[in-house]
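Residue-level structural notes
Listed here are the chains, written in short residue letters.
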Amino acid sequence: MTHSKRVSPGPQLVAKRAFDPWRHGEPSLAEVMNDPIVHLLMRRDGLVADQVWPVVREAQSRLDRPLCSGAARAA
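So, here's what we can say about the structure. The model shown is predicted, which means the values in this text are computed figures rather than measured ones.

It is worth spelling out the nonpolar core at this point. With eight residues, the main nonpolar core is built from A30, M33, V38, M42, A49, V52, W53 and V56. No other element matches helix α3 (residues 49-63), which puts four residues into this core. Not counting residues up to four positions away in its chain, the partners in contact with M33 are V38, H39, M42, A49, V52 and W53.

What follows deals with α3. Here α3 is 15 residues long and its end C-alpha atoms lie 21 Å apart, about the 21 Å a rise of 1.5 Å per residue gives. Along α3, the residues classified as buried are A49, V52, W53, V56 and Q60. End-on view of α3: buried residues confined to an arc of 100°, all on one side of the axis. In α3, the exposed positions that point more than 90 degrees away from the buried face belong to V55 and R62. Backbone geometry just downstream of α3 places D64 in the positive-phi region, at approximately 60°.

Calculation criteria
Residues numbered from 1 in each chain as written. Predicted model: local features only at pLDDT ≥ 70, side-chain atom pairs only at ≥ 80, totals over all residues. Heavy atoms only, no water. Core = buried A, V, L, I, M, F, W, Y, C linked by side-chain atoms within 4.5 Å. Buried < 20%, exposed > 50% of the residue type's maximum accessible area, 1.4 Å probe, protein only. Helix = DSSP H or I, 4+ residues; strand = E, 2+ residues; numbered from the N terminus. Contact = heavy atoms within 4.5 Å. Expected span 1.5 Å × (residues − 1). Arc of directions from axis to C-beta.

And the structure:
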């Protein structure tokens, strides 16, 4: 039985990507709500963003502080 040794390729050039909040910390709620996958999930569940934002605003009022800076603008 012979074992072959894997050799990893050398460093590769990677195209510079635009800033992606999903890769660098936590995205804002407004960014999450604008994500196409979230829209697909909402559609699957029979919801649209206009139905979700009032729930967000209600939660904000109960917490007495904004959940994110984009919630007021998105509504």
